[in-house]
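# Overview (structure and organization)
So you can see what is in the structure, the chains are spelled out below.
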Amino acid sequence: MTSRVVWLSRLSRSDVGLVGGKNASLGEMIQNLAESGIRVPEGFATTADAYWELVTANGLREKVTRHIARLHAGAELGEVGRAIRGLFLDAELPTALAREILDAYGELASSSAGRDNPEVAVRSSATAEDLPEASFAGQQETFLNVVGGEALLDACRRCYASLFTDRAISYREHHGFDHSAVALSVGVQRMVRADRAGAGVMFSIDTESGFPRSVLINASWGLGETVVSGQVDPDEYVVFKPLLGRTELRPIISRKTGGKECKAVYAATGTRTVDTSATERLGQVLDDGEILTLARWAVRVEEHYGTAMDMEWAKDGYTGELFLVQARPETVQARREAATLREYRLAEAGARLVRGLAIGDAIAAGAVCNLHDSGEMDRFVAGAVLVTAITDPDWEPIMKRAAAIVTDHGGRTSHAAIVSRELGVPAVVGCGEATRVLADGLQVTVSCAEGDEGVVYEGSLAFEERDVDLGELPVTRTKVMLNLANPAAALRWWRLPADGVGLARIEFVVNNHVKIHPMALLHPDRLDVFTRRKIDELTRGYDDKPRYFVDTLAHGVARIAASRWPDPVVVRMSDFKTNEYARLIGGEPFEPTEENPMIGWRGASRYYSPGYREGFALECRAIRKVRNEMGLTNVIVMIPFCRTLEEADHVLKVMAEEHLMRGHDGLEVYVMAEIPANIVLADEFSARFDGFSIGSNDLTQLTLGVDRDAESLAHLFNETNPAVTRSIRHLISTAHAHGCKVGLCGQRPSDDPNFARFLVDAGIDSISVTPDSFFAVKAHVAAAEREGAVPP
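Please read all numbers here as calculations on a predicted model, not as lab measurements.

How each quantity is defined
Residues numbered from 1 in each chain as written. Predicted model: local features only at pLDDT ≥ 70, side-chain atom pairs only at ≥ 80, totals over all residues. Heavy atoms only, no water. Helix = DSSP H or I, 4+ residues; strand = E, 2+ residues; numbered from the N terminus. Rg over C-alpha atoms; globule rule 2.2 N^0.38 Å. Buried < 20%, exposed > 50% of the residue type's maximum accessible area, 1.4 Å probe, protein only. Contact = heavy atoms within 4.5 Å. Lys, Arg positive; Asp, Glu negative; His and termini not counted. Charge placed at Lys NZ, Arg CZ, Asp CG, Glu CD. Pairing = 2+ DSSP bridges. Axes fitted to C-alpha atoms, helices over the stretch in contact; angles between N-to-C directions. Core = buried A, V, L, I, M, F, W, Y, C linked by side-chain atoms within 4.5 Å. 1 Å grid on protein atoms, 1.4 Å probe; cavity = no way out; pocket = protein on both sides within 12 Å on 5 of 7 lines; lining within 4 Å. Points joined across faces, edges and corners; volume = space filled by probe spheres on them. Nonpolar A, V, L, I, M, F, W, Y, C, P; charged D, E, K, R; others polar. Salt bridge = Lys/Arg side-chain N within 4 Å of Asp/Glu carboxyl O. Parallel < 35°, antiparallel > 145°, perpendicular 65-115°, else oblique. Left-handed = near helix turned anticlockwise from the far one by under 90°. Expected span 1.5 Å × (residues − 1). Disulfide = S-S within 2.5 Å. pLDDT = per-residue confidence, 0-100.

Of regular secondary structure, the chain possesses 29 helices and 30 strands. In terms of C-alpha radius of gyration, the chain reaches 30 Å, essentially the compact-globule figure of 28 Å for 792 residues. Its C-alpha atoms put the chain at 95 × 55 × 50 Å along the principal axes. Across the 792 residues that make up the chain, the buried fraction comes to 59%. Taking all contacts inside the chain whose residues are at least 6 apart in sequence as the whole, residues at least 24 apart take part in 70%. Averaged over its 85 positive side-chain charges, the chain has a centre that lies 1 Å from the centre of its 111 negative ones.

The structure is reproduced here in C-alpha cells:
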C-alpha cells in the first residue's frame with residue numbers, strides 16, 4: 001500500500017506520528033503479542049499523510065487557522081468548533097485516498113467469510129493521542145457497525161471532523177498543543193460481535209490507589225460504549241497479578257455484580273441502546289476462565305510496554321473469543337510520586353446524603369450545581385460540585401472547573417471516572433439518586449478518603465490533608481504492622497512500608513458487606529417472610545445462599561491479604577458479641593439475650609457450639625477459599641477470646657474437620673491474649689498455637705476488673721498498670737521460649753511513646769496500629785530502639 005493506508009499488522013508503536021497512538025498500539029500488539037495468545041481484530045489505518053492530503057486538497061489549513069484566531073479573540077468555543085467541523089464534513093476526500101480505503105475494505109471483506117460488506121469499527125486516532133503526558137482519549141469519535149463502502153467513507157469524514165470537537169479544541173488549548181501540528185488517522189477494524197456477548201475496559205493497575213499488583217476489569221453486556229460512557233453500572237472484577245502464573249489458582253480477589261440496566265446493540269446502521277433482561281442484570285458477563293485470561297493478557301501487555309496500561313476488550317458472541325480492541329498507557333497513576341503519600345481525613349461528622357464508588361482519594365466541598373445535560377453548562381460556577389446523571393466528553397470544559405463530581409451512573413472505568421482522575425478532581429460515581437437528592441445550591445462535602453465507597457455529606461465539613469515523604473521513615477527491628485478492617489480501604493495503604501497486617505477484623509466485612517447472620521442463610525425456615533424476602537434481595541444471583549456468605553467474606557479478606565502480600569496478614573475469626581450478632585439480618589432467632597455480652601457467648605466458645613458450629617464452618621470455608629483457591633497463603637488465622645485449653649483443643653479440632661489444619665500447607669494459627677488465663681497458662685497455650693496477639697483493652701479490663709466503657713471508672717483503666725505490664729512481659733518471655741511470636745494490636749503505642757518503649761524493651765515482635773497512627777508509632781519504636789528502651 002501507499003503512505004495513505006497501511007495494514008495494522010505492519011505497524012508498531014514507533015509509528016505514533018504516522019497513525020496515532022491508538023492505531024500504532026494495535027499494530028504493536030498484532031506484531032508482538034499474538035504468540036502470547038492475545039487476539040486483536042484485523043484492520044487497516046489511514047495515515048497522517050492522508051490527513052494532510054485532505055487538508056491541502058480542500059484548502060483547510062488557512063481556514064482552520066482563521067477560526068482558531070477568532071477563538072483567541074473571544075469567539076465562543078461552540079461556534080468555532082461547529083464551523084471547523086463543518087469544513088471537514090463538507091470536504092471532498094481526495095480520489096486516491098477514497099479508492100485506497102475502499103480497496104482495503106475489499107481486502108478485509110475477502111478475509112471475512114465471504115461477506116462483501118463486513119461490519120467494521122471506525123475509530124479516530126490523533127497523532128499525539130495516548131502519550132503518557134497527555135490523554136487525548138475519547139476526544140475524537142468512534143463509529144461502530146459501519147457497513148458498506150459509502151458508509152465507511154462517510155465515517156472517515158466524520159472522524160476527521162472530530163479532530164475539532166469542542167472538547168478536543170479545549171484540551172489542546174489548555175495543554176498548549178499546536179492545532180496545526182496534530183493530525184488524525186482513521187482506524188478500521190473488523191467488528192467483534194460483542195452485541196451478542198459483552199465488552200468492557202481493563203486496567204493493569206488499581207485506578208484509585210495506584211496499587212500495581214492488581215488488574216481491574218469492568219464488564220457489561222453488549223458493545224463497550226455503555227461502559228466507557230458511564231451509561232451502565234458494570235460488573236467489576238479485581239485479579240491479583242503475582243499469583244496469575246500458577247494455573248491451578250484463581251486469584252480473583254474481588255467480584256461485584258453491577259446493575260447493567262441497558263446494553264448497546266446493532267441497529268440497521270450504527271448502534272442503539274436497549275434494556276437488558278432480568279437474567280442479564282443478575283448474571284455476570286464473564287466466567288472465571290475469561291476473567292483470568294483477560295488478566296493474563298493485561299499482565300503480558302504491561303510487561304511488553306513497560307508501563308501500566310488502559311485497555312478495552314470485547315467478546316464475540318458467535319465464536320466466544322475474547323479480543324483486545326485498544327491499549328494505551330495509563331496516564332494518571334503513572335505521574336504520581338511513588339515516594340509520597342497524600343492523606344485526607346474528615347475532621348468532623350455529617351449527615352450522609354448519597355454514596356457510590358469513590359474516584360481518587362481526596363475530599364472537596366462546595367455548592368451543588370445539578371445539571372440535566374451539557375447544554376446547561378452556562379449555569380455552572382467554577383468551584384461548584386457538579387451533579388449529573390452521566391458525563392461524556394462534551395462535559396469536559398466544566399469538569400475541569402468543578403471542585404468535585406457526582407453522577408447517578410457509571411463505574412470505575414466510565415468517562416466521569418477517567419476524566420476525574422486525569423484532572424485530580426474527587427468524584428463519586430454510580431450513586432443512583434444523586435440528581436434527585438442533591439438540590440441546586442446545597443452545600444455538600446464530597447469524600448473519597450474512606451476507601452472504595454465515596455460519600456456526599458451535607459454541609460461544608462472540616463477536613464485535613466498532608467503530604468508524607470515515605471523515604472524519611474526509619475527502619476526498625478520491631479515490626480510495625482497495620483490494623484485493617486475495611487477491604488475497600490486496604491489498597492489505599494499499599495505504599496506504607498508496613499510489615500504486614502497484625503489484625504484484620506472480619507466483623508467489618510460481615511457487618512457491612514455480608515449483612516446477614518450466617519445461620520439465617522443455613523436455616524431460613526426459622527425466619528419470618530419479611531426477613532427471607534430481604535435476604536433474597538441481598539443474595540440475588542445465588543441459588544446456594546451460604547455460598548454468598550463464603551464468597552463475600554473471602555473477597556473481603558483477599559483484598560486485605562493481597563494489599564500486603566507476601567507479608568503476614570493475621571485474620572481474626574468473628575468476635576461479635578451476641579447483641580451484635582442479633583443485629584445482623586436474620587440474627588435474632590439464633591442469639592440469646594445476655595446480661596453481659598462482653599464476657600458471654602463470644603469468640604472461641606461459639607465455634608464448637610451447636611448453636612454456631614455451622615456458621616463457623618462458613619468462616620472456615622472463606623479462609624480456605626482465600627488460601628487454597630486464590631493462593632494467598634500469607635493469611636494467618638487468629639482465634640479470639642479463648643478461655644481454656646480444652647476450648648483451644650475443641651476449636652482446632654473443628655478447624656481440622658473443615659480442612660484448616662494447623663501446620664498443613666503452611667497454615668499458622670494464633671490466639672488472642674486478652675484473658676488472664678492466656679497469660680497464666682502461656683506455656684500450655686504456646687504448645688497449641690504459633691503466636692499470640694495481645695488485645696490490650698480486654699486484657700486490661702479483665703485483669704483489673706474494670707469496665708472499659710464505664711465513665712466513672714475511667715481513671716482506673718490503665719494499660720500501664722503493673723499488673724498489666726508484668727502480664728505482658730511474662731507472656732513475651734514464655735512465648736519466645738517456645739518459639740512463638742507475640743504482637744500487640746491497640747491504640748496505646750501511638751498515643752503514648754513510653755508504652756511503645758516498654759513494648760520494645762519487653763521484646764515484643766510486632767506492634768499493629770491503624771494506618772493513620774503508623775507514622776507516629778514507627779517514630780516511637782525507632783526512638784525506643786535507639787535510646788535503649790525502658791519500661792514506663
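Here we take up the sheet that holds strand 20 (residues 443-447). The strand order around the closed barrel formed by 7 strands is 15-19-18-17-16-20-21, and the pairing between neighbours is mixed. Here the average twist between neighbouring strands, direction ignored, is 35°. Where strand 18 (residues 404-407) meets strand 19 (residues 427-429), 2 bridges bridge the pair, whose relative direction is parallel. Its bridge partner being in strand 19, V406 is matched across the sheet by V428.

Note on soluble globular proteins: their nonpolar side chains tend to be buried together. Counting residues in hydrophobic clusters, the biggest one holds 107 residues, and the most contacted among them are L632, I639, M655, F692, I694, I728 and F774. The greatest single-element share of this core, amounting to 10 residues, is contributed by helix 18 (residues 545-564). Leave out the neighbours within four places in its chain, and I694 touches A673, L699, I728, L731, V742, G743, L744, C745 and I764. Core analysis: the second largest hydrophobic core is formed by 44 residues, L60, L93, A161 and A183 among them.

This part is about empty space enclosed by the protein. Scanning the entire structure with this criterion turns up 5 cavities of 30 Å³ or more. Each pocket or cavity is described by its volume, and for the largest cavity that value is around 120 Å³. E208, S209, G451, D452 and R492 are, among the 13 residues lining the largest cavity, the residues nearest its centre. Tallied by class, residues from the lining of the largest cavity come to 4 nonpolar, 3 polar and 6 charged. Of the pockets and cavities examined, the second largest cavity occupies roughly 60 Å³. Around the second largest cavity, the lining residues are R627, N628, H659, L660, M661, H664, D665 and L667. Class assignment for the residues of the lining of the second largest cavity results in 3 nonpolar, 3 polar and 2 charged.

Within the secondary structure, E280 sits in helix 9 (residues 278-282). If we skip the residues at most four places from it in the chain, E280 touches W221, K260 and K263.

What the rule picks out here adds up to 49 salt bridges. Across the salt bridge formed by E302 and K241, the nearest N and O atoms sit 2.8 Å from each other. Here E302 is found in helix 10 (residues 288-305), whereas its partner K241 is found in the loop between strand 8 (235-240) and strand 9 (252-256), with 61 residues between them in sequence. Like K241, E302 is buried.

A cis amide bond links W565 with the next residue in sequence, P566, at an omega value of 0°. As for its placement among the helices and strands, P566 is situated in the loop between helix 18 and strand 25 (569-572). The phi dihedral of D665 is positive, around 55°, even though this residue is not glycine. Within the secondary structure, D665 is located in the loop between helix 22 (645-657) and strand 27 (669-673).

Another aspect to go through is the packing of helix 26 (residues 722-737) against helix 28 (residues 753-762). Look at helix 26 against helix 28: their axes get within 10 Å of each other, and the N-to-C directions meet at 30°. On the basis of their axis angle, the class for helix 26 and helix 28 is roughly parallel. Here helix 26 and helix 28 pass one another in a crossing that is right-handed. Residues T725, I728, R729 and I732 of helix 26 pack against F755, F758, L759, D761 and A762 of helix 28.

Turning next to helix 4 (residues 77-90). Compared with the 20 Å implied by 1.5 Å per residue over 14 residues, the 20 Å span of helix 4 between its first and last C-alpha is a close match. Taken residue by residue, helix 4 has G78, V80, G81, I84, L87 and F88 as its buried positions. Where the residues of helix 4 are buried, they touch helix 2 (48-57), helix 3 (60-72), helix 6 (149-161) and helix 7 (166-175).

All right, on to the state of the cysteines then. Going through the model one piece at a time under the given rule, you end up with 0 disulfides. Cysteine C431 shares no disulfide, and the gap to the nearest cysteine sulfur, in C448, comes to 9.3 Å. Among the residues examined, C448 registers a relative accessible area of 1% and is labelled buried.

Burial within strand 3 (residues 120-126) is extensive, with 7 of its 7 residues counted as buried. Relative to strand 5 (residues 184-190), strand 3 runs antiparallel, the two sharing 7 bridges. Residue pairing for strand 5: V120 is matched across the bridge by R190. Direction of pairing for strand 3 relative to strand 4 (residues 142-146): antiparallel, over a ladder of 3 bridges. Counterpart to R123 in the pairing with strand 4 is T142.

Here the focus is the confidence of the model for the chain. Parts of the prediction with low pLDDT should not have their coordinates interpreted in detail. Residues with a pLDDT of 70 or more make up 96% of the chain, whose mean pLDDT is 92. Of the regions scoring below 50 in pLDDT, residues 129-136 engages in 29 contacts with residues more than four places distant in sequence or in other chains.

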